[in-house]
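# Breakdown of the fold
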Amino acid sequence: MERRNFLKSAILGGLAGAVQLKPSSLFASESKEVQGENDLVAVMGGEPLNMYKRGISAMGGMSRFIKKGNKVVVKPNIGWDKKPEFAANTNPELVAAIVKDCLAAGASEVVVFDHTCDEWQACYRNSGIEAAAKAAGAKIAFAHDEKYYREISLPMGVRLKSAKIHESIIDCDVWINVPVLKNHGGAKMTMAMKNFMGIVWDRRYWHANDLQQCIADCSTYSKMPVLNIIDAYRVMTQNGPKGKTTEDVVLAKALFLSTDIVAVDTAALRFFNQFKEMRIEDVSHIQRAERAKVGTTNLDAIKVERIKI
Amino acid sequence: MYKWLKRGRVVLSVALAIMITLAFMFFSNRDNFIFSSILKIQFVPALLGIFTGSAIILLFLLIFVLLFGRVYCSTICPLGTMQDVIWRSFSLFRNKKESRFKYTSPISWLRYLFLAISAIPLVFGSSFVISLLDPYSNYGKISSEILSRSEQFVHNLLSEIFPQTIFFRSYSQFIAVSFIFALLFLMIVIIMSALRGRLYCNTVCPVGTTLGLISKFSAFRPVIDSESCNKCRLCISNCKSECINLDNGQIDASRCVACFNCMTVCKRGAVSYKYMWKKIREEDVAPIKGRREAILTMGLLGSFIAARAISRKMPAKEPETIDGIAPPGAKSTANLKSNCTACQACVAACPNGIIKPSTGQYGIDGLLMPVLSFEKHFCAYDCNVCSKVCPNGALLPLSLEDKKLTQIGQVKFIEESCIVVTDNTACGACDEHCPTKAITMIPYGDEGLTIPVVDRDICIGCGGCEYVCPAAEKAMIVEPRAVHKLATPPKVEKQEKIVVDDFGF
């Protein structure tokens, strides 16, 4: 009896293991071959929603990045107590569209949060993101206290060797990075890599220990976003990252999507240069991240699709 | 009839005390001014705010007391209600005999001493002493330091149970002096009221003494009908003011808080709440003394108000240097120190939690009055809550537009402490936080670095830069402005609208 039971369970277990392993490995090898799956997609000329729809389908659809049952985090920039027209935060319509898409792709839950600079409740409320994300079906996570962060190590980091990262990033299956394109007084530009400052607790350390290097170091984190989506619908071209008035904002109507965080920042920076000159050497976290093999600044070496609406 | 009067008074007093407490609670004082607006009907806030919109409230309160006696003390004052609750709670653990009050004679010299030491400095522009004795303001301190902290503790327990729906409230700054003062005051009031009912109100409280002087002459007063009274002493046992003297059949109107207990308990209907003004004219003998005192009190109150009015026209000399930044709306440190009673309504309402009771930044006579601290956060640009909740007019309401131009301090940039200089690396945290762009970044060296430059005229002193500066010795320090100034409006920087129809790569 005992031996029979043992054999039975061993066989069943073995089968289960094989079944579980097989599809995921098959899926991974297949997905690279599917058409329309670009490394980087740039969209311009549309409204947030239709630019996103065109962009994500050119990236191969959300199901390329999210599997059924995944716990997903969508991390916009909600840093400031500013209304959407000031472009200090990610466009709420875009955040809502991504949340809906994740849920449609089978995500078991979608969490939205940011470690804000201004008082967090005012930021969540006035950015319009809390309401938009909730309406789209997301959960809002709290990120205003150190207790919501856990220490991780960054073995590849040059100056930033460890960081306290928000628990929802650590606990999720995949996360999507959704920054807004802005000029930035200290870091020169704020795009995808700079948006990591909102997943960590102690930002002040970064500022005190070579900001550009720390930004690059944090991008060596083992759990990188599966997708980076830079919102450039409204672009703050001066007085960033907080801005004073809507005079600081231009209606650029663009969107950049990529799996490569260095490439997407490079693309967004080149786009930004058409409004205001900004040398890539001065935004040195981009090239430092490239040297750490986080991604590439050579947009000719990757598969890029440009869509004009 | 008296039963219903008493019930009405109890319901109203409990409701008001709860609403006043809610003005200090986090869950109820966000995004609304319902509860904080009730604070304005308190006597000392109304008196101090007489020139800033509270004159009608003060007039109403005075007429109310002139008509009905110290009903204020048993209805509107939250500390009064608290003392009744304390007495009742202690009575639960006492036998009937121990729960009986006795008649005591007034300690008049002490009452007038407390009144004098509170009122005289007020005339000369210091609200310090009254801030330590005012019943409402001390109830505020208790609410903010003890009740609100307990609320925070419960809130955080709940946030452990429901981590997804209830957020953790980061612990606010703890100012030991303020907490200890509130705790000591609470303990003193508990002891006094547990043993002797309204002893605080009738010996220490300057508001009680003032209103007591007026009540001596009020239109309605409790009187004992010696014909019907059989001296059963039931009224005395229930008089928390300990002011019924059956030996001469008199009720001390200056100490009676018009709680209606005596009228409710008297089995023979011998105590009644009588209209006395008509009677005075008929008899015209005994109450004359009371009338004189009342007229004297009104006269003193009038000259007090006149003196305040004069001192307002001639503002006190501002100190050369002060260490504390007063909240926006304070106008000046002198204005704060002559109107603030440290009730902590602003401390409890600040969404960023940066207002704390002072510990000497304004000098000893500004102790526990609100001061800004940029240690944990900074003053939000789009916020004027503190200026709107102040019941005293120590902080005057500011529109958002005015608040954004109110210079409460000015930043000083200490270049040699700046990360860009010491480490030769990029930072710009200060520029990032500056809402008016008083701080901008200019090129530094030839490695593409930028360093802050400050325009002090545009700076409003919000402290964003000071808070966020990561340097070991802060390179951005906001210097307080003893008199708040109007800042130069931020520069309007129009930019030419470039139309782009390419990706740029």
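Rules behind the numbers
- Residues numbered from 1 in each chain as written.
- Chains lettered and ligands numbered in written order.
- Predicted model: local features only at pLDDT ≥ 70, side-chain atom pairs only at ≥ 80, totals over all residues.
- Helix = DSSP H or I, 4+ residues; strand = E, 2+ residues; numbered from the N terminus.
- Buried ≥ 20, exposed ≤ 12 C-beta atoms within 10 Å, placed from the backbone.
- Contact = placed C-beta atoms within 7 Å.
- Core = buried A, V, L, I, M, F, W, Y, C linked by C-beta atoms within 7 Å.
- Domains from an automatic or database assignment.
- Pairing = 2+ DSSP bridges.
- Nonpolar A, V, L, I, M, F, W, Y, C, P; charged D, E, K, R; others polar.
- pLDDT = per-residue confidence, 0-100.
- Expected span 1.5 Å × (residues − 1).

## Considerations on the overall build of chain B
For chain B, the helix and strand inventory stands at 24 helices and ten strands. Principal-axis analysis of the C-alpha atoms places the extent of chain B at approximately 105 × 55 × 45 Å. Across the 505 residues that make up chain B, the buried fraction comes to 46%. Put simply, 74% of the contacts in chain B that link residues at least 6 apart link residues at least 24 apart.

## Digging into the overall build of chain A
Counting its secondary structure elements, chain A contains ten helices and twelve strands. Among the 309 residues that make up chain A, the fraction classed as buried is 54%. Put simply, of all contacts in chain A between residues at least 6 apart along the chain, 74% involve residues at least 24 apart.

## Structural notes on the nonpolar core
Core analysis: the largest hydrophobic core is formed by 226 residues, its most contacted members being A:Val74, A:Val95, A:Ile98, A:Val99, A:Ala232 and A:Ala268. Tallying contributions element by element places helix H9 (residues 261-272) of chain A first for this core, with nine residues. Of the residues that make up this core, three or more belong to each of domain 1 (2-312) and domain 2 (407-505) of chain B. Apart from residues no more than four positions distant in its own chain, A:Val74 is found in contact with A:Val95, A:Ile98, A:Val99, A:Cys102, A:Val110, A:Val112, A:Ala138, A:Ile176 and A:Val178.

## As for the pairing of strand S10 (residues 227-236) of chain A
Residue and element names in this part refer to chain A. Among the ten residues of S10, ten are classified as buried, and the element is accordingly described as predominantly covered. Of the pairings in the sheet, the one linking strand S7 (residues 174-178) to S10 comprises two bridges and is parallel in character. The residue of S10 that forms the bridge with Asn-177 is Asn-228. Relative to S10, strand S8 (residues 180-184) runs parallel, the two sharing two bridges. Directly across from Val-180, in S10, lies its bridge partner Asp-231. Judged from the eight bridges that link them, S10 and strand S11 (residues 249-258) form a sheet pairing that is antiparallel.

## Some remarks on the interface of chain A and chain B
Residue-level contacts link 40 residues of chain A with 36 residues of chain B. Put simply, the parts of the chain that give the side of chain A that touches chain B at least two residues each are strand S1 (40-44), helix H7 (203-208), helix H8 (211-218), S11 and H9 of chain A. Looking at the side of chain A that touches chain B residue by residue, the class counts come to 15 nonpolar, ten polar and 15 charged.

## Regarding the confidence of the model for chain B
Looking at chain B, pLDDT values average 92 and 95% of them are 70 or higher. Across the interfaces of the predicted complex, the ipTM metric reaches 0.89, alongside a pTM of 0.90.

## Remarks on the environment of B:Gln173
All names here are of chain B. Within the element layout of this structure, Gln-173 appears in the loop between helix H10 (135-161) and helix H11 (176-196). On the basis of neighbour count, Gln-173 is assigned to the partly exposed category, with 15 C-beta atoms found within 10 Å. In sequence terms Gln-173 and Pro-357 are 184 residues apart; their C-alpha atoms lie 9.8 Å from each other.

## Considering helix H3 (residues 92-104) of chain A
Residue and element names in this part refer to chain A. The end-to-end C-alpha distance of H3, which contains 13 residues, comes to 18 Å, matching closely the 18 Å that a straight helix rising 1.5 Å per residue would cover. Looking at H3, one finds that the buried residues are Pro-92, Leu-94, Val-95, Ala-96, Ala-97, Ile-98, Val-99, Asp-101 and Cys-102. Check the buried side of H3 and you find it contacts helix H2 (48-58), strand S2 (71-76), strand S3 (109-112), helix H5 (129-136), S7 and S10.

## As for the domain arrangement of chain B
Reports of interface size often rely on the accessible area that becomes lost once the parts have come together. By the assigned domains, chain B splits into domain 1 (2-312) and domain 2 (407-505). The gap between the C-alpha centroids of domain 1 of chain B and domain 2 of chain B is 50 Å.

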